Amino acid sequence: MRNIVVQKFGGTSVADTDKIKNVAKAVIREKSLGNNVVVVVSAMGHTTDVLVKLANEITSNPSGREMDMLLSTGEGVTIALLAMALQAQGCNAVSMNAMQVGIITENVHSKARILDIKTDKIYQHLDNGEVVVIAGFQGVTNDFEITTLGRGGSDTSAVALAGALNAKRCDIYTDVNGVYTTDPRIVPHATRLKEISYEEMMELANGGANVLHPRAVETATIHKTPVRVRSTFKLEDAGTLILGVDEMELHRPVTGVALDMSQLRIVVCDVPDNPGVAAALFDSLANENISIDMIIQSYARKDLNTNDIAFTIDKADLNSALKVLDKLKSTINYSNVFVDDKIAKLSAVGAGMVGRPGIAAKMFRTLANLGINIKMISTSEIKISCLVDKDNADEAVSALHSVFGLDSSEIAEVKGDLPNI
């Protein structure tokens, strides 16, 4: 039994050399508790943004392969500096990039998925008493092409490594001290959660909460790896534990309210009401790795034999989506495309919703009383999401947070770049 703990430190936690030295202390503290430690780090501070800017100064259309080659260098700097910091403080440590470890991904640039992780070299270093410092966000294909995992990639790297190593826990260190019932910048009385289920965290992450990327939560769920979100700057604080719903007591129907301002709505108008048309549309979008969130097909116009199909995507995928739609115009014969980028997605999430009627009605009545119009609705067993005008988003979040009894008597502490929950 190796008693492995995986620690992940984001860009703000390793933004400069003083902070890297502080992270080294947190690593040594964990190792002193008798654990073998694997550390996953992001690039320092805003390094990735700087690298993207450099690429854009060269060309407005850089290739995906070269962007992955460029962006993967950021984590390489951090792992070497952190290994040096650990060694300087008397702790044996070794840095490894994705190729050295063997973090194997699919052959997709900018948002590859991890297929396999080789653990032999990691175990060898751990058995030698070393802390292993691994570059997050990056992977390598079977033919040795460098890839990156996309937004939240270092979180995904850490949780995937924890699963592959059968770690007893994965700690995600950030500059806030846990997961909140909503964004404390919007609702100062947001409540910090002591624990939350994988399922709830997944829905909140999909709803716009940036504490963890949905793929990281999905990976934790598959491996049943406990994940703890905690502050780099308050090591004594246990933060928020993410675990299986069966291990929790559910005290209220709604656990949190998430807000996603990163999406836009596309409406494809007057689509022929024929079998296979929707499949052709969404197959083409999927072939370009464009993820779809909410979908609504309107009631067919019998006189024209057409529908309107509305769906939401990430704003970053707009240009790619429009190119796909333009290519399909002669095939599908739609009339035009409408883009609405002035929307926000609100989500009420809670495992306690199951078997409790009236949650959706309360949510919609609250918005109606505020005069806020709902543009689209989607639901799952533990989530209700709706699109509203983004100008109404903050007011809607505050109202829903209150009506579902999530307000705390304590003012939430806000430090650094706070995620959206």
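Residues numbered from 1 in each chain as written. Predicted model: local features only at pLDDT ≥ 70, side-chain atom pairs only at ≥ 80, totals over all residues. Heavy atoms only, no water.

### Considerations on the state of the cysteines
Inference 1: Enumeration over the complete set of coordinates arrives at zero disulfides.
Inference 2: The cysteine Cys91 is free of any disulfide, with Cys170 supplying the nearest cysteine sulfur at 18 Å.
Inference 3: Since its relative accessible area comes to 7%, Cys91 is described here as buried. (Disulfide = S-S within 2.5 Å. Buried < 20%, exposed > 50% of the residue type's maximum accessible area, 1.4 Å probe, protein only.)

### Overview of the sheet that holds strand E16 (residues 306–314)
Inference 1: As summarised here, the arrangement of the four strands in space is E15-E16-E14-E17, forming an open sheet in which the pairing is antiparallel. Two strands bound the open sheet, and with one partner strand each, they are strand E15 (295–297) and strand E17 (336–340). On average, each strand axis in the sheet is inclined to that of its neighbour by 15 degrees, with strand direction left out of account.
Inference 2: Pairing analysis gives five bridges linking strand E14 (residues 263–272) to E17, with the strands arranged antiparallel. Note on E17: the bridge partner recorded for Val268 is Val337.
Inference 3: Running at roughly 20 degrees to E16, helix H10 (residues 277–287) makes contact with E14, E15 and E16 of the sheet.
Inference 4: Sheet contacts for helix H11 (residues 318–332): E14, E16 and E17; angle to E14, the most-contacted strand, approximately 0 degrees. (Pairing = 2+ DSSP bridges. Helix = DSSP H or I, 4+ residues; strand = E, 2+ residues; numbered from the N terminus. Axes fitted to C-alpha atoms, helices over the stretch in contact; angles between N-to-C directions. Contact = heavy atoms within 4.5 Å.)

### Here we look at the packing of aromatic side chains
Inference 1: Scanning all chains against the criterion turns up two aromatic pairs.
Inference 2: Centre to centre, the rings of Phe9 and Tyr173 are 4.5 Å apart; their planes meet at 15 degrees, and the pair counts as stacked. In this pair, Phe9 is assigned in strand E1 (residues 4–9) and Tyr173 in strand E9 (residues 169–174), connecting sequence segments 164 residues apart.
Inference 3: Residue placement shows Arg2 over the ring face of Tyr123; its charged tip is 4.0 Å from the ring centre. (Phe/Tyr/Trp six-rings, centres within 6.5 Å; stacked < 30°, edge-to-face > 60°. Lys NZ or Arg CZ within 6 Å of the ring centre and 35° of its normal.)

### Let's talk about unusual backbone geometry
Inference 1: Located in the positive-phi region is Phe144, a residue other than glycine, with phi close to 70 degrees.
Inference 2: Mapped onto the elements of the fold, Phe144 is located in the loop between strand E7 (138–140) and strand E8 (146–148).
Inference 3: Judged by relative accessible area, which is 59%, Phe144 ranks as exposed.
Inference 4: Of note, the phi angle at Asn333 is positive, near 65 degrees, even though the residue is not glycine.
Inference 5: If you trace the backbone, Asn333 turns up in the loop between H11 and E17.

### Observations concerning the confidence of the model for the chain
Inference 1: Residue-level pLDDT values for the chain average 90, and 94% of them are 70 or greater.
Inference 2: Every residue in residues 414–421 is under pLDDT 50, and counting partners more than four places away or in other chains gives 32 contacts. (pLDDT = per-residue confidence, 0-100.)

### So, the sheet that holds strand E18 (residues 343–349)
Inference 1: Strand order across the open sheet formed by four strands is E13-E18-E20-E19, with antiparallel pairing between neighbours. Each edge of the sheet is formed by a strand with only one pairing partner; in this case those strands are strand E13 (256–260) and strand E19 (376–380). Put simply, the sheet's adjacent strands are angled 20 degrees from each other on average, direction ignored.
Inference 2: Relative to strand E20 (residues 383–389), E18 runs antiparallel, the two sharing seven bridges. Across the sheet, residue Leu346 finds its bridge partner in E20, namely Cys386.

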